[in-house]
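Secondary and tertiary structure notes
Okay, here's what each chain looks like letter by letter:
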Amino acid sequence: MENLWYVAGTIFQLWMFVVVFFIMLPAMFGLSLGVTEVYIQVLVKILEVITTSGSAGCLAGIIERVGGSMEEEMWQLRCSQPEAAGAFCLSDGVYFCKKGLESIVEDQVTQRFSSEELASWNLLTRTNQNFYYISLRLTIIWGLGVFVRYCVLLPFRIALASTGISWLVIGTYVVGFLPESSAKNWLSELVHLTCYRICARGLSATIHYHNKKNRPQKGGICVANHTTPIDVVILANDGCYAMVGQTHGGLLGILQKSMVRSCPHVWFERSEMKDRNTVTRRLRHHIAAKTKLPILIFPEGTCVNNTSVMMFKKGSFEIGGTIYPVAIKYDRRFGDAFWNSSKYNMVSYLLRTMTSWAIVVNVWYLPPMIIQDGEDAAQFANRVKSVIAHQGGLLDLAWDGGLKRCKVKDSLREEQQKMYSNIIVGQNHVRTTKTCSETREDQ
Amino acid sequence: MGSSRSSLRRVPDGQQLLQETGFSAAVLLRLHQRFQFLDKDSRGHLRSEDLEAELSENPMGDRIVGAFFQPGQETVDFPSFVRVLAHFRPTEKNRTRGGEQPEPANSRNRKLKFAFQLYDRDRDGKISRTELLQQVLREMLGLQVTEEQLQSIAERAIQEADLDRDHAICFDEFRKSLEKVNIDHKMSVRFLE
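Procedures and definitions
- Residues numbered from 1 in each chain as written.
- Chains lettered and ligands numbered in written order.
- Predicted model: local features only at pLDDT ≥ 70, side-chain atom pairs only at ≥ 80, totals over all residues.
- Heavy atoms only, no water.
- UniProt positions renumbered as here; feature names shortened; annotations may be inferred.
- Helix = DSSP H or I, 4+ residues; strand = E, 2+ residues; numbered from the N terminus.
- Contact = heavy atoms within 4.5 Å.
- Buried area = accessible area lost by both parts, 1.4 Å probe.
- Salt bridge = Lys/Arg side-chain N within 4 Å of Asp/Glu carboxyl O.
- Polar contact = N/O pair within 3.5 Å; in protein donor to acceptor, adjacent residues only side chain to side chain.
- Core = buried A, V, L, I, M, F, W, Y, C linked by side-chain atoms within 4.5 Å.
- Buried < 20%, exposed > 50% of the residue type's maximum accessible area, 1.4 Å probe, protein only.
- Patch = residues over 30% accessible without salt bridge, like charges linked within 9 Å, V, L, I, M, F, W, Y side chains within 5 Å.
- Areas by Shrake-Rupley, 256 points an atom, 1.4 Å probe, with all protein chains shown as cover.
- Axes fitted to C-alpha atoms, helices over the stretch in contact; angles between N-to-C directions.
- Parallel < 35°, antiparallel > 145°, perpendicular 65-115°, else oblique.
- Left-handed = near helix turned anticlockwise from the far one by under 90°.
- Nonpolar A, V, L, I, M, F, W, Y, C, P; charged D, E, K, R; others polar.
- Phe/Tyr/Trp six-rings, centres within 6.5 Å; stacked < 30°, edge-to-face > 60°.
- Lys NZ or Arg CZ within 6 Å of the ring centre and 35° of its normal.
- Pairing = 2+ DSSP bridges.
- 1 Å grid on protein atoms, 1.4 Å probe; cavity = no way out; pocket = protein on both sides within 12 Å on 5 of 7 lines; lining within 4 Å.
- Points joined across faces, edges and corners; volume = space filled by probe spheres on them.
- pLDDT = per-residue confidence, 0-100.

1. Some details on the UniProt feature "transmembrane region" (unreviewed entry) in chain A
Residues and elements named next belong to chain A. Mapped onto the present numbering, the UniProt feature "transmembrane region" (unreviewed entry) falls at residues 12-35, 131-151 and 158-178. Annotated as residues 12-35, this span is 75% helix and 0% strand, and its ends, taken at the C-alpha atoms, are 22 Å apart. Taken end to end, residues 158-178 is 86% helix and 0% strand, and its first and last C-alpha atoms sit 31 Å apart.

2. A look at the interface of chain A and chain B
Across the contact, 51 residues belong to chain A and 54 residues belong to chain B. Where chain A abuts chain B, roughly 4,700 Å² becomes buried across the two surfaces, and 66% of that area is made up of carbon and sulfur atoms. For the salt bridge of A:Glu73 with B:Lys186, the shortest nitrogen-to-oxygen distance reads 3.2 Å. For the pair chain A and chain B, the interface holds 13 residue pairs in polar contact (both at pLDDT 80 or more).

3. Points about the nonpolar core
Counting residues in hydrophobic clusters, the biggest one holds 74 residues, and the most contacted among them are A:Phe88, A:Tyr420, B:Phe23, B:Leu51, B:Phe68, B:Phe81 and B:Phe174. Ignoring anything within four residues of it in the chain, the contact list for A:Phe88 reads A:Arg78, A:Tyr420, A:Ile424, B:Tyr119, B:Leu132, B:Leu137, B:Met140, B:Ile153 and B:Ala157. By size, the runner-up hydrophobic cluster in this structure holds 40 residues, among which are A:Ile230, A:Ile234, A:Ile359 and A:Val361.

4. Considerations on the side chain of A:Thr228
Residues and elements named next belong to chain A. Within the element layout of this structure, Thr228 appears in the loop between strand E3 (221-224) and helix H9 (230-236). The buried category is assigned to Thr228, whose relative accessible area is 0%. Within the local environment of Thr228, its side chain forms a polar contact with the backbone nitrogen of Ile230, the two atoms lying 2.9 Å apart. Leaving out residues up to four positions away in the same chain, Thr228 has contacts with Cys303, Tyr330, Ala337, Trp339 and Tyr349.

5. Comments concerning a nonpolar patch on the surface
All names here are of chain A. A contiguous nonpolar patch, built from Phe17, Phe21, Phe22, Leu25, Phe29, Leu31, Leu33 and Val35 and spanning about 860 Å² of accessible area, is present on the exposed surface. Take the nonpolar patch: its biggest share by element is 4 residues, from helix H1 (residues 2-28). For Leu25, the location among the structural elements is in helix H1.

6. Focus on the packing of helix H8 (residues 129-141) of chain B against helix H9 (residues 147-161) of chain B
Residue and element names in this part refer to chain B. Here H8 crosses H9 at 120°, and the two axes come no closer than 10 Å. In terms of orientation, H8 lies oblique with respect to H9. Where H8 crosses over H9, the handedness of that crossing is right-handed. Listed contacts from H9 to Arg129, Leu132, Leu133, Leu137, Arg138 and Leu141 of H8 are Glu147, Leu150, Gln151, Ile153, Ala154, Glu155, Ala157 and Ile158. Looking at the contact of H8 with H9, its residues break down into 9 nonpolar, 1 polar and 4 charged.

7. Brief notes about the environment of B:Thr21
Residues and elements named next belong to chain B. With respect to the helices, strands and loops of the structure, Thr21 is situated in helix H2 (residues 14-21). The spatial distance from the C-alpha of Thr21 to the C-alpha of Val82 is 7.8 Å, given a sequence separation of 61 residues. In contact with Thr21, not counting residues within four places along its chain, are Val82, Ala86 and Arg89. At a separation of 2.6 Å, a polar atom in the side chain of Thr21 contacts the main-chain carbonyl oxygen of Leu17. Side-chain polar atoms of Thr21 contact the backbone nitrogen of Phe23, separated by 3.3 Å.

8. Comments concerning the packing of aromatic side chains
Counted under the stated rule, the structure contains 18 aromatic pairs over all chains. Consider the rings of A:Phe96 and A:Tyr420, whose centres lie 5.3 Å apart with planes at 85°: the pair is edge-to-face. Of this pair, A:Phe96 sits in helix H5 (residues 92-105) while A:Tyr420 is found in helix H15 (residues 408-425), placing the two residues 324 residues apart along the sequence. One exposure class covers both A:Phe96 and A:Tyr420, and it is buried. The aromatic ring of A:Tyr173 is capped on one face by A:Arg261, whose charged end is 4.2 Å from the ring centroid. Over the ring of B:Phe171 we find B:Lys113, and its NZ or CZ is 4.7 Å from the ring centre.

9. Some thoughts on the sheet that holds E3(A)
All names here are of chain A. Pairing within the open sheet is mixed, and its 7 strands lie in the order E2-E9-E8-E3-E6-E4-E5. Both outer strands of the open sheet, strand E2 (205-210) and strand E5 (266-268), are each paired with one neighbouring strand and no more. Averaged over all pairs of adjacent strands, the angle between strand axes in this sheet comes to 25°, irrespective of strand direction. Pairing of E3 with strand E8 (residues 323-331) involves 4 bridges; the strand directions are parallel. Among the inter-strand pairings, Cys222 is bridged to a residue of E8, identified as Tyr324. Strand contacts of helix H12 (residues 276-288): E3, strand E4 (242-246), E5 and strand E6 (295-297), with the helix running at about 165° to E5, the strand carrying the most contacts.

10. Here's the deal with empty space enclosed by the protein
All names here are of chain A. In this structure the tally under the stated criterion is 4 cavities of 30 Å³ or more. If you trace the second largest cavity, you find it lined by Ser188, Glu189, His192, Tyr196, Ala236, Gly239, Cys240, Tyr241, Met243, Cys263, His265 and Leu293. When residues of the lining of the second largest cavity are assigned to their parent elements, the largest contribution, 4 residues, is made by helix H8 (residues 182-201). Looking at side-chain class alone, the lining of the second largest cavity contains 7 nonpolar, 4 polar and 1 charged residues.

11. Description of the environment of A:Tyr420
Overall, A:Tyr420 belongs to the buried group, its relative accessible area being 0%. Linking A:Tyr420 and A:Met70, residues 350 residues apart in sequence, is a C-alpha distance of 7.5 Å. With near-sequence residues (within four places) excluded, A:Tyr420 lies in contact with A:Met70, A:Met74, A:Phe88, A:Asp92, A:Phe96, B:Met140 and B:Leu141. At 2.7 Å, the side chain of A:Tyr420 and the side chain of A:Asp92 are in polar contact.

12. A word on the confidence of the model for chain B
With 92% of its residues at a pLDDT of at least 70, chain B reaches an overall mean of 82. On the interface metric, ipTM, the complex scores 0.90, and its pTM is 0.60.

Below, the structure written as structure tokens:
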């Protein structure tokens, strides 16, 4: 019995040593030991080797998919006749016909993937829905991958994530004892950054930030597209934000209470959230004092699958102040980060995420925007949305994300219709009632 | 690939389909596997729901599914499935045929006919203005355009293609309107060996 305690104690000491020296200290200084980068490179190499060697014929499927985007294909179908632009041509149906036949003959996980990505299976069964027994070698490699992911990576990641979160709770609780001063703010930022970076390591997240000069400033509002709760960790790795949300009970409630001790996050009671005016007033109060951290808001109100941006709720844009848009795009090769809350609850989602290969994400900071004269909140919201969609390479949909729970498939069809209508109607600069504030200068 | 020929015995009408459609034995086998995958309840035939699941994102999905089913039929068996897919084989350039042989499924004319029937769902030989406006265009564009825009788009399309001024597009007018399009390339799916 004593031996068991001794062993547990040693393991714990070893773990603490590793975490403090290899993870926490670099995280505090914003440095990276480069382990995750090397891991990602090795992973990419392995996936390349698998897909280009021998099994290419089997893995690539029955048909060869060539062709570019819908726009390119339509252009070619119309024989590059400029007078055909902005109108329907009978040849347009041929594009959809061919795409449809391709889908019937061969499964496609989503139509967002290019043919190149589709040909390379990333060894996660969840992305290959018709897992045929293709070859013994591939199955062995896949089995090895399962072992590595579930038995090596998962425990490590869970331990790391729990360490990160518990240190966040403890750290912010301790910092909360200090009197209000710049020292406290500095310390609070340090604690937040360090712990979020530890959590990011716990997901093997590689984040590329672009245009850091546009980073959200104090007294502003940061607005981003929402794919997963992990977005918060991704953004908080590079800066400190004041979170907005509902107070919860349980573990999350403990986290919220201690976080608000060290820096002013904005937590609402459930009853308060229903009253739009209360919410707006409190947020306005927050940004009026220009010294407080920028507020982080996800105006879509729900998680979206990261191929398109849904309608932004205008409430966030009625507060005033400077809006700092941020576009977040996940690289699907290493694992799908999207949280489909109707399909998975939080725990199974975290399990899936922690058993993916890695999270690779691009974050673009966009120049700040202010509401113009003669523009109402809804138009401003649409303007910000199209800027974010354009930067992230996402499709700009005028569709309420709240409806998505029952209509996931409809939204995919609507994306196709939207792309097609851009080709037909876009050139005419016609404004439709739905998207009245969007201009088509970029067409 | 010698084993393909022998496993072809499991495919219904295998030998006949080889000759009729021009698919190789290997491709026919893969298509049979695919058919069995789509046939989730292993009935030996497909219903429209099985195909619709794959085409949920395609604006013309329902029409394409409809093309697989003969009028009045609700199921499609494997030979019919393959016969439809045969339209999408790339055209062979140097194939000569005698007068008695039936036109191959993947000839330019047959491909155009297939595309025409996607628009002309009631198979009356004409794409009427109503058909184009209320069905085809509405499906392809959904709620992304207003009613007025839809009307003007349909008007313009009919004007361009309707040469004999009968307010409908018949197959010959359709073919004329697509004469410059490389149908062989755009309506072919390259099957890997």
